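In case you want the letters, here they are:
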Amino acid sequence: MSTSDVTPQGVQGERPGREAVTGSAAVLDGDRHRAPEHARSSGTQEVSETEFRSYYGQPILNQIVWEGRDIAGYLFLGGLAGASSGLAAGAELTGRPDLARPLKYTALGAVSGSLVALVHDLGRPARFLNMLRVFRPTSPMNMGSWLLAGYGPMAGAAAVTGATGLFPRIGRAATVGAGVVGPAVAAYTAPLICDTAVPAWHEGYREMPFVFVGSAAAASGGMGMLTAPLGQAAPARRAAVFGSALETAAVARMERRLGMVAEPYQSGRGGALMRTAKALTLAGAAGALLSGRSRVLSAASGAALLAGSACTRFGIFKAGVQSAADPKYTVVPQRQRLREKNGEQEEEGAN
Amino acid sequence: MAIDEEAGGQPGTDQPRMGFFTDTSVCIGCKACEVACKEWNMIPEDGLDFTAMSFDNSGGLGADTWRHVAFVEQREPLGYQETGVGRPEGEPVDLGMPSFERPGDSTGADERGEFRWLMSSDVCKHCTSAACLDVCPTGALFRTEYGTVVVQEDICNGCGYCVPACPYGVIDKRADDGRVWKCTLCYDRLGDGLEPACAKACPTDSIQFGNLDELRERANERVRDLHDAGVSSARLYGDDPQDGVGGAGAFFLLLDEPEVYGLPPDPVVTTRDLPSMWRYAGIAAATLLAGVSATFLGRRRR
Ligand code: SF4
Ligand code: SF4
């Protein structure tokens, strides 16, 4: 008999060398996958970088449970609020009240909206205040709650005193305070999402804060262009150009550095949103450069910048979801890391 | 959250750190652990699905699955299954393979008998550096006196941050409840001097509960025995206090690469990079502040 057969007495006629016990590595598939190490030393072709094994293609990570509308919306509104406060403070200090006022309202509206989104996303919204039960620097969400607890009232006081004209000194202090804390509000949301095991987010932690503050500056600049008279909107236009440039450069750098983990930013709905964001942001920035004389162009560019910033946040959110859903993005980089670690050890051993 | 990797459960007490050693080489895939866990912890039913991948019907760990038995079917020319390997004192027992037809009927003669099953009961790793615990903004997750990681369900506000933070995909949110749930290493039973329900129910001692130090010793011995018996693919997973999560409180003996069982090959606690993340965020915030300020510089046209 040339092949083996299963009989009531067990397996019969198996070829010699096939009596390996379960798990003997010599015949394991796993060894073939570990081949690159040997392949490299013997100079043969390396196995393709994206080849990997998994448990029936099932994801390794549990999927992000955040609602895209709530949390991507939160990221967008938080950025808009923070950067708007910064612009509003500058406008107030340089005597541009018609730019400062709408931006103060924007900041209050956006931070309120972001808070609503955050609470709405909780499984137990009534327990929202548990966020302030501890002070925990290892949790960006906890730090963010404290930050918002400090920033929110200042943004509120700035807007209310601006609208009513009451307590001008307190109003000015609140405006400046919110303007200084605002950038932190715009930036902290990057560690918030990067401090997870989601590959597309975690691996991008170096560039993400710059993407976020760039996007925030573009959005607030856009808001200024949309709401302030042309004569006072020059700083808003410059902020829009600055923010768009920073965001575009940071996204490009992040995608280049992430390698295969950047795929979710380029494909699927995440990719489509990121491309839309880029088009809107660049169009808005071009408009900002040209719109010194046209109210209509200024407003349209401002709207494009706001939409672009929102698309960036939704795109990044969606890319995170895509990267968590595919075990490839978890396994391949970790395997790579192990290979490098083992390689180093071997070198050390050889020395 | 520094707990002593070598000995300690809680610093300052003599309570040793407790954990699980799951020896998948003897797992028979009976799912007694899954059932015992559900029963004891009163976990709601979460769908009687058939995944159609294998004999796995619970898919993976989640809010309502705190023990998950993975079934890996490999059509590899490995020879026949032999149980009892590396246990010279016991008689090998042939458990056969459940099937609806005679084994090998539907495959070519060439493939018959050359097949193996890997079964593994997965669980929360109770990491030494636990990402879920680090990122929890409410302090709902905490480190017990046994060195385990437990959610306090009266504090969790369901923010869901811990879910994507866990590098193993363990903790998850229960949709109709709004809070997150995971293995507690039967915190309530430990307090009464009992072992966790899964370990109690496991008929093959694939799940072993005990003092983590002892378990690590026992595991190393078991790997040596298996290697001696020719099972050269046996390796420990999660036992090394130098790994990315500082060593797991629940570790495993596997017969193939971790990713084959749905486990990450080199998990790292996400908060290891957090100081660096804060630094980059600080620089970015300063950049924004400087950039916005700069927009007000220069000549005013009107
Ligand atoms: S395995 Fe996941 S859920 Fe369990 S302690 Fe580690 S990080 Fe937390
Ligand atoms: S969902 Fe609950 S346990 Fe998880 S991080 Fe939020 S508050 Fe903590």
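Given the structure is predicted, the values throughout are model-derived calculations rather than measurements. (Residues numbered from 1 in each chain as written. Chains lettered and ligands numbered in written order. Predicted model: local features only at pLDDT ≥ 70, side-chain atom pairs only at ≥ 80, totals over all residues. Heavy atoms only, no water.)

Asks: Mind showing me how you'd approach the domain arrangement of chain B here?
Replies: Frequently, the measure chosen for interface size is the accessible area removed from exposure when the parts meet. Partitioning chain B into structural domains gives domain 1 (18–76 + 113–270) and domain 2 (272–301). For domain 1 of chain B and domain 2 of chain B, the distance between their C-alpha centroids amounts to 43 Å. (Domains from an automatic or database assignment.)

Asks: Can you walk me through unusual backbone geometry in this structure?
Replies: The phi angle of most residues is negative, glycine excepted, and most peptide bonds adopt the trans form. Residues and elements named next belong to chain B. Of note in the backbone geometry, Lys31 takes a positive phi value of approximately 65 degrees without being a glycine. Positive phi, normally seen in glycine, also occurs at Met42, with a value near 50 degrees. Summarising the element assignment, Met42 is placed in the loop between helix H1 (32–41) and strand S2 (67–74). (Helix = DSSP H or I, 4+ residues; strand = E, 2+ residues; numbered from the N terminus.)

Asks: Help me understand the packing of helix H3 (residues 68–93) of chain A against helix H11 (residues 295–325) of chain A in this model?
Replies: The relative placement of two packed helices comes down to the angle between their axes together with the axis-to-axis distance. Residue and element names in this part refer to chain A. At a closest axis distance of 9 Å, the pairing of H3 and H11 adopts a crossing angle of 135 degrees. Between H3 and H11, the interaxial angle falls into the category oblique. Taken as a pair, H3 and H11 cross one another with a handedness that is right-handed. Two secondary-structure elements touch here, H3 through Gly68, Arg69, Ile71, Ala72, Gly73, Leu75, Phe76, Gly79 and Leu80 and H11 through Leu306, Ser309, Ala310, Arg313, Phe314 and Phe317. When grouped by side-chain class, the residues that make up the contact of H3 with H11 number nine nonpolar, four polar and two charged. (Axes fitted to C-alpha atoms, helices over the stretch in contact; angles between N-to-C directions. Parallel < 35°, antiparallel > 145°, perpendicular 65-115°, else oblique. Left-handed = near helix turned anticlockwise from the far one by under 90°. Contact = heavy atoms within 4.5 Å. Nonpolar A, V, L, I, M, F, W, Y, C, P; charged D, E, K, R; others polar.)

Asks: Explain the UniProt feature "binding site: [4Fe-4S] cluster 2" (unreviewed entry) in chain B here, please?
Replies: All names here are of chain B. Under the UniProt annotation, "binding site: [4Fe-4S] cluster 2" (unreviewed entry) lies at Cys37, Cys183, Cys186 and Cys198. The named residues occupy 162 residues along the chain; their greatest pairwise C-alpha distance, 10.6 Å, places them in one compact cluster. Examined against the element boundaries, Cys37 turns out to sit in helix H1. We classify Cys37 as buried; its relative accessible area is 8%. Contact partners of Cys37, with chain neighbours within four places excluded, come to Met42, Ile43, Trp66 and Arg67. (UniProt positions renumbered as here; feature names shortened; annotations may be inferred. Buried < 20%, exposed > 50% of the residue type's maximum accessible area, 1.4 Å probe, protein only.)

Asks: Which parts of the structure should I look at to understand the site of ligand 1?
Replies: If you check the shell around ligand 1, you find 14 residues, and the closest are Cys124, Lys125, Cys127, Cys132 and Cys166 of chain B. Among the residues making up the shell around ligand 1, the classes are represented as eleven nonpolar, one polar and two charged. (Near = heavy atom within 4 Å.)

Asks: Just to check I follow, could you spell out the packing of aromatic side chains for this structure?
Replies: Taken as a whole and assessed by the stated rule, the structure comprises 14 aromatic pairs over all chains. Measuring from ring centre to ring centre gives 5.7 Å for Trp66 of chain A and Tyr161 of chain B, while their planes differ by 40 degrees; the resulting arrangement is tilted. Taken together, the residues span two chains, with Trp66 of chain A in the loop between helix H2 (35–42) and H3 and Tyr161 of chain B in the loop between strand S5 (149–151) and helix H3 (162–165). Each member of the pair, Trp66 of chain A together with Tyr161 of chain B, is buried. Measuring from ring centre to ring centre gives 5.9 Å for Trp201 of chain A and Phe317 of chain A, while their planes differ by 50 degrees; the resulting arrangement is tilted. Residue Trp201 of chain A is located in helix H7 (residues 199–202), and its partner Phe317 of chain A is located in helix H11; the two are separated by 116 residues in the primary sequence. Through a chain of ring-to-ring contacts, three or more aromatic side chains come together here, namely Trp66, Trp201 and Phe317 of chain A together with Tyr161 of chain B. Directly above the ring of Trp40 of chain B sits Arg189 of chain B, whose terminal nitrogen or CZ lies 4.6 Å from the centroid. (Phe/Tyr/Trp six-rings, centres within 6.5 Å; stacked < 30°, edge-to-face > 60°. Lys NZ or Arg CZ within 6 Å of the ring centre and 35° of its normal.)

Asks: Looking at this structure, I do not really get the site of ligand 2. What am I missing?
Replies: Around ligand 2, the structure places 13 residues, and the nearest of them are Cys136, Cys156, Cys159, Gly160 and Cys162 of chain B. Residue composition of the shell around ligand 2, grouped by class: nine nonpolar, four polar and no charged.

Asks: Would you mind going over the confidence of the model for chain A with me for this structure?
Replies: In low-pLDDT segments, the atomic positions of the prediction should not be examined closely. Residues and elements named next belong to chain A. Summarising the model, chain A shows a mean pLDDT of 89, and 85% of its residues fall at 70 or more. Note that pLDDT drops below 50 for residues 16–20; the model gives that stretch eleven contacts with residues more than four away or on any other chain. Confidence drops under pLDDT 50 across residues 24–47; counting only partners more than four residues distant or on other chains, this segment forms 38 contacts. (pLDDT = per-residue confidence, 0-100.)

Asks: How do you make sense of the nonpolar core when you look at a structure like this?
Replies: In a soluble, globular protein the nonpolar side chains are often hidden away together inside. Ranked by internal contacts, the top residues of the largest apolar core, which has 158 residues, are Trp201, Met208 and Tyr265 of chain A. Residues from two domains meet in this core; each of domain 1 (18–76 + 113–270) and domain 2 (272–301) of chain B gives at least three. Excluding residues within four positions of it along the chain, Tyr265 of chain A makes contact with Ala200, Trp201, Met208, Met254, Glu255, Leu258, Gly270, Gly271, Met274, Ile316 and Ala319 of chain A. (Core = buried A, V, L, I, M, F, W, Y, C linked by side-chain atoms within 4.5 Å.)

Asks: Any chance you could explain the UniProt feature "transmembrane region" (unreviewed entry) in chain A here in plain terms?
Replies: Residues and elements named next belong to chain A. If you check UniProt for "transmembrane region" (unreviewed entry), the listed places come out as residues 71–91, 143–166, 173–190 and 210–228 in our numbering. Its end C-alpha atoms 28 Å apart, residues 173–190 is made of 100% helix and 0% strand. Along residues 210–228, the helical share is 95% and the strand share 0%, with 26 Å between the first and last C-alpha atoms.

Asks: Where do I start with the UniProt feature "binding site: [4Fe-4S] cluster 3" (unreviewed entry) in chain B in this structure?
Replies: The sites that carry the UniProt feature "binding site: [4Fe-4S] cluster 3" (unreviewed entry) are, in the present numbering, Cys124, Cys127, Cys132 and Cys166 of chain B. A compact arrangement is adopted by the annotated residues: their sequence extent is 43 residues, whereas the largest C-alpha distance between any two is 10.9 Å. Cys132 of chain B gets classed as buried once you look at its relative accessible area, which sits at 10%. Along the chain, Cys166 of chain B falls in the loop between H3 and strand S6 (172–173). Those residues in contact with Cys166 of chain B that lie beyond four places of it in its chain are Leu61 and Ala197 of chain A together with Ile171 of chain B.

Asks: Explanation requested: the environment of Ala131 of chain B in the structure shown.
Replies: Residue and element names in this part refer to chain B. Looking at where Ala131 falls in the secondary structure, it is placed in helix H2 (residues 131–135). Ala131 sits 75 residues away from Asp56 along the chain, and the two C-alpha atoms are 27 Å apart. Not counting residues up to four positions away in its chain, the partners in contact with Ala131 are Ala165, Pro167, Val269 and Thr270.

Asks: Explanation requested: the sheet that holds strand S9 (residues 235–237) of chain B in the structure shown.
Replies: Two pairing modes exist for strands in a sheet, parallel and antiparallel, and in both the strands are linked by backbone hydrogen bonds. Residue and element names in this part refer to chain B. Pairing is mixed across the open sheet formed by four strands, whose spatial order is S8-S1-S10-S9. Of all the strands in the sheet, just strand S8 (207–211) and S9 have a single pairing partner and so form its edges. In this sheet, adjacent strand axes meet at a mean angle of 25 degrees when their direction is disregarded. Of the strand pairs in this sheet, strand S1 (residues 18–23) and S8 are connected by five bridges, and their pairing is antiparallel. By the bridge assignment for S8, Thr22 is matched with Ile207. Along the sheet, helix H6 (residues 212–228) contacts S1, S8, S9 and strand S10 (250–254); its crossing angle with S8, the most-contacted strand, is approximately 135 degrees. (Pairing = 2+ DSSP bridges.)

Asks: Is there a simple way to explain the pattern of salt bridges in this structure?
Replies: Two side chains carrying opposite charge are able to pair once their charged atoms lie near each other. Applying the stated criterion across every chain yields a total of 18 salt bridges over all chains. Between Lys125 of chain B and Asp122 of chain B there is a salt bridge, and its shortest N-O distance comes to 2.9 Å. Asp122 of chain B carries the same exposure label as Lys125 of chain B, and that label is buried. Beyond isolated ion pairs, a larger network of salt bridges with shared partners links Arg335 of chain A together with Arg235, Glu257 and Glu259 of chain B. (Salt bridge = Lys/Arg side-chain N within 4 Å of Asp/Glu carboxyl O.)

Asks: Looking at this model, I keep getting lost on the side chain of Asn142 of chain A. Mind explaining?
Replies: Within the secondary structure, Asn142 of chain A is located in helix H5 (residues 140–164). From its side chain, Asn142 of chain A meets the backbone oxygen of Met131 of chain A in a polar contact 2.8 Å long. Those residues in contact with Asn142 of chain A that lie beyond four places of it in its chain are Met131, Val134, Phe135 and Arg136 of chain A together with Pro137 of chain B. (Polar contact = N/O pair within 3.5 Å; in protein donor to acceptor, adjacent residues only side chain to side chain.)

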